[in-house]
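What the coordinates show
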Amino acid sequence: MTHACRYCQKPIRDRDELVTAAKWFSIRPYHYICYDQAAREVERIGDNEKPLNNMPNTIISIIMLAVSIFFLAGSALGSIGDLLGVLTLYPPLMRILSYVRYEHPLPVFLENKR
Ligand SMILES: [Zn+2]
């Protein structure tokens, strides 16, 4: 299963050229080059559409998941802690969804794409 780039409508062939961007609960796939292009066009891509499948976001997601487990498993801060636990679950959840839906089905790297 391949996904079409939201910017140029052409299929994305491997993880090397894939950028997944999140806006609220929707994840949009882009080519790496198209994402850069789209990011410059402020009308097409909002400020709150952020790339998911990069190293900084992966690290943040792991930290957030640990924080989330800490609040949800324990009783720190009572109901505020529960709320924080749910809120901090959002980044890791989006990161996992991006991986399962878009990254995992694609080969890591394809040679001679063009
Ligand atoms: Zn594209």
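Here, the structure is the one placed above.
These remarks concern the structure in this document. (Residues numbered from 1 in each chain as written. Predicted model: local features only at pLDDT ≥ 70, side-chain atom pairs only at ≥ 80, totals over all residues. Heavy atoms only, no water.)

Here we take up the coordination of the zinc ion. Distances from the zinc ion to its protein donors, Cys5 (SG), Cys8 (SG), His31 (ND1) and Cys34 (SG), fall at 2.0 to 2.3 Å. With four donor atoms in place around the zinc ion and angles of 103 to 117° between them, the coordination shape is tetrahedral. Every donor residue of the zinc ion comes from the same chain, spaced as C-x2-C-x22-H-x2-C. Highlighted residues: Cys5 in the loop between strand S1 (3-4) and strand S2 (11-12) and His31 in strand S4 (residues 26-31), separated in sequence by 26 residues. (Donors = N, O, S within 2.8 Å, 3.2 Å for Na, K, Ca; no water. Tetrahedral: all angles 85-135°; square planar, octahedral: opposite > 155°, others 65-115°. Helix = DSSP H or I, 4+ residues; strand = E, 2+ residues; numbered from the N terminus.)

Right, let's get into the pairing of strand S3 (residues 18-23). The buried fraction of S3 amounts to five of the six residues, a majority that puts the element mostly inside the structure. Bridging between S3 and S4 involves six bridges; their strand directions are antiparallel. Note that in S4 the partner of Thr20 across the bridge is Pro29. Counted between consecutive antiparallel strands, the loop separating S3 from S4 contains two residues, among which Trp24 sits at a positive phi close to 50°. (Buried < 20%, exposed > 50% of the residue type's maximum accessible area, 1.4 Å probe, protein only. Pairing = 2+ DSSP bridges.)

Below, the discussion takes up the packing of helix H2 (residues 55-73) against helix H3 (residues 78-87). Two numbers describe how H2 lies on H3: the axes approach to 8 Å, and their chain directions differ by 150°. Accordingly, the angle class assigned to the pair H2 and H3 is roughly antiparallel. For H2 against H3, the interelement crossing comes out left-handed. Of H3, the residues touching H2 (which contributes Ser68, Phe71 and Leu72) are Gly81, Asp82, Leu84, Gly85 and Val86. Looking at side-chain class alone, the contact of H2 with H3 contains four nonpolar, three polar and one charged residues. (Axes fitted to C-alpha atoms, helices over the stretch in contact; angles between N-to-C directions. Parallel < 35°, antiparallel > 145°, perpendicular 65-115°, else oblique. Left-handed = near helix turned anticlockwise from the far one by under 90°. Contact = heavy atoms within 4.5 Å. Nonpolar A, V, L, I, M, F, W, Y, C, P; charged D, E, K, R; others polar.)

So, about the environment of Cys5. Classification of Cys5 as buried rests on a relative accessible area of 1%. On a C-alpha basis, the gap between Cys5 and Ala21 in space is 11 Å, while along the polypeptide they are 16 residues apart. Leave out the neighbours within four places in its chain, and Cys5 touches Lys10, Ile12, Pro29, Tyr30, His31 and Cys34.

All right, on to the sheet that holds S4 then. Across the sheet, three strands lie side by side as S4-S3-S5; this open sheet has antiparallel pairing. Here the strands that pair on one side only, and so sit at the sheet edges, are S4 and strand S5 (50-51). Seen against the sheet, helix H1 (residues 32-40) touches S3, S4 and S5 and runs at an angle of roughly 110° to S4.

Turning next to the side chain of Ser61. Here Ser61 shows up in helix H2. Ignoring sequence-local partners within four residues, the contact set of Ser61 consists of Pro91, Pro92 and Arg95.

Its identity is not glycine, yet Gln9 carries a phi of approximately 70°, on the positive side. Its place among the elements puts Gln9 in the loop between S1 and S2. Phi is positive for Leu77, close to 65°, though the residue is something other than glycine.

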